[in-house]
Amino acid sequence: TLRKTYFLQPLFLDSSADVVVSCELDMSKDRFELSSTVTGQERAVHCAGDALAFGEVPTAPDALAVREQSSRTLEPATLYDAFRRIGLGYGSAYRPITNIWVGHSGVAMASMRKRSNLFGTRVHPADLDGALQLTSVLAEGASDETRLPFMVAEAALSTTGGRLGAVVEREGTNTSRVWLSRMTNDGTAGAQLRGFETRVLKSTTQPVIRREHALIAVTG
């Protein structure tokens, strides 16, 4: 379980730079920190938070019930076109959403492409990222703002696979609760995030681009 996790600054990838990314775990303080170093530059911290022993398997709402109670649908292509216009370019491997349904009371649901290979992970990063992408459907504010993850109050990751569904619920103006679970309605979630908050990216001269293939595996 991860708690009070902050995304401090994006990691810009430059093909001409030799970037080393590391994950440091402090078991005595239950803390983790993701940072990068580039030759000739100071170490930059990108993400940090508390890492605690995993508790109970998180539960998830019935994704199919959310879909049935939805008031409108949205084409995934429309979502990714909107991302591209504000500087977030997602390659095909990071476009897992196949259908989107939006409800009346700050709730949305999406179905994902079926995944047969998790590549050694419990929850594939592209699937989790797809669930977070869905929160933009409920976001308030100007549509031309580039918003990036800022904080997660608590995240619990279990194991998931097969045909997945994501459900997001608005908690505040820029905060959401996110679930990622199988579409079999067994009541368990592969991932649950509370207090997922986004913030507007400050002015920068570098574009924000999501690579088409990116996978970081942390093993203990």
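Keep in mind that what you see is a predicted model, and the values were worked out from it rather than measured. (Residues numbered from 1 in each chain as written. Predicted model: local features only at pLDDT ≥ 70, side-chain atom pairs only at ≥ 80, totals over all residues. Heavy atoms only, no water.)

Undergrad: Lay out the overall build of the protein in plain terms, naming residues and giving numbers.
TA: For the protein, the count of helices and strands is 3 helices and 11 strands. Here the protein, with 220 residues, has 40% of them falling under the buried criterion. Within the protein, contacts between residues separated by at least 24 positions form 64% of all contacts whose residues are at least 6 apart in sequence. Carbon and sulfur atoms form 49% of the exposed surface of the protein, whose accessible area is close to 12,500 Å². (Helix = DSSP H or I, 4+ residues; strand = E, 2+ residues; numbered from the N terminus. Buried < 20%, exposed > 50% of the residue type's maximum accessible area, 1.4 Å probe, protein only. Contact = heavy atoms within 4.5 Å. Areas by Shrake-Rupley, 256 points an atom, 1.4 Å probe, with all protein chains shown as cover.)

Undergrad: For the confidence of the model for the protein, give the residues involved together with the corresponding values.
TA: Interpreting fine coordinate detail is not advised for predicted regions of low pLDDT. Residues at a pLDDT of 70 or more form 90% of the protein, whose mean pLDDT is 85. Across the protein, the element-wise mean pLDDT spans from 86 in helix α1 (residues 63-68) up to 96 in strand β6 (residues 97-102). Taken as a whole, residues 213-220 scores under 50 in pLDDT and shows 6 contacts with residues more than four places along the chain or in a different chain. (pLDDT = per-residue confidence, 0-100.)

Undergrad: Lay out the packing of aromatic side chains in plain terms, naming residues and giving numbers.
TA: Aromatic rings considered in pairs are described by the distance between their centres and by the relative angle of their planes. Scanning all chains against the criterion turns up 4 aromatic pairs. Judged by centre distance (5.6 Å) and plane angle (80°), the rings of tyrosine 6 and phenylalanine 150 are edge-to-face. In this pair, tyrosine 6 sits in strand β1 (residues 2-7) while phenylalanine 150 sits in strand β8 (residues 147-157), placing the two residues 144 residues apart along the sequence. Tyrosine 6 sits in the partly exposed class, given a relative accessible area of 33%. One aromatic cluster in this structure is built from Tyr80, Phe83 and Tyr90. (Phe/Tyr/Trp six-rings, centres within 6.5 Å; stacked < 30°, edge-to-face > 60°.)

Undergrad: Summarise the environment of valine 45; cite the residues concerned and give the values.
TA: With respect to the helices and strands, the residue valine 45 is situated in strand β4 (residues 44-51). Counting along the chain gives 35 residues from valine 45 to proline 10, while the straight-line C-alpha distance between them is 9.3 Å. Excluding anything up to four places from it in sequence, valine 45 contacts Leu8, Gln9, Glu33, Leu34 and Ser35.

Undergrad: How would you sum up the nonpolar core? Please name residues and give values.
TA: It is characteristic of soluble globular proteins that their nonpolar side chains tend to be buried jointly. Formed by 31 residues in total, the largest nonpolar core has its most connected members in Ile100, Leu134 and Leu180. Of all the secondary structure elements, the ones that give two or more residues to this core are α2 (76-85), β6, β7 (107-112), α3 (125-134), β8, β9 (164-170), β10 (175-182) and β11 (191-200). In terms of residue count, the dominant contributor to this core is α3 (4 residues). With residues near it in sequence (within four places) discarded, leucine 180 still touches Met112, Val123, Asp127, Leu128, Ala131, Leu164, Gly165, Ala166, Ala189, Gly190 and Ala191. Counting residues in each nonpolar core, the second largest holds 10 residues, with Trp101, Val107, Met109 and Trp179 among its members. (Core = buried A, V, L, I, M, F, W, Y, C linked by side-chain atoms within 4.5 Å.)

Undergrad: I'd like a rundown of the sheet that holds β10, residues and numbers included.
TA: Sheet strands line up and pair through hydrogen bonds in the backbone, either parallel or antiparallel. On the basis of which strands lie adjacent, the open sheet formed by 11 strands has the order β2-β3-β4-β1-β8-β11-β10-β9-β7-β6-β5 and antiparallel pairing. For this open sheet the edge positions go to β2 (19-26) and β5 (72-74), each flanked by a neighbour on one side alone. With strand direction ignored, the average angle separating the axes of adjacent strands in the sheet is 20°. Across 5 bridges, β7 lies against β9 in antiparallel orientation. Counterpart to serine 111 in the pairing with β9 is glycine 165. Against the sheet, α2 makes contact with β5 and β6, and its axis sits at roughly 95° relative to β6, the strand it touches most. (Pairing = 2+ DSSP bridges. Axes fitted to C-alpha atoms, helices over the stretch in contact; angles between N-to-C directions.)

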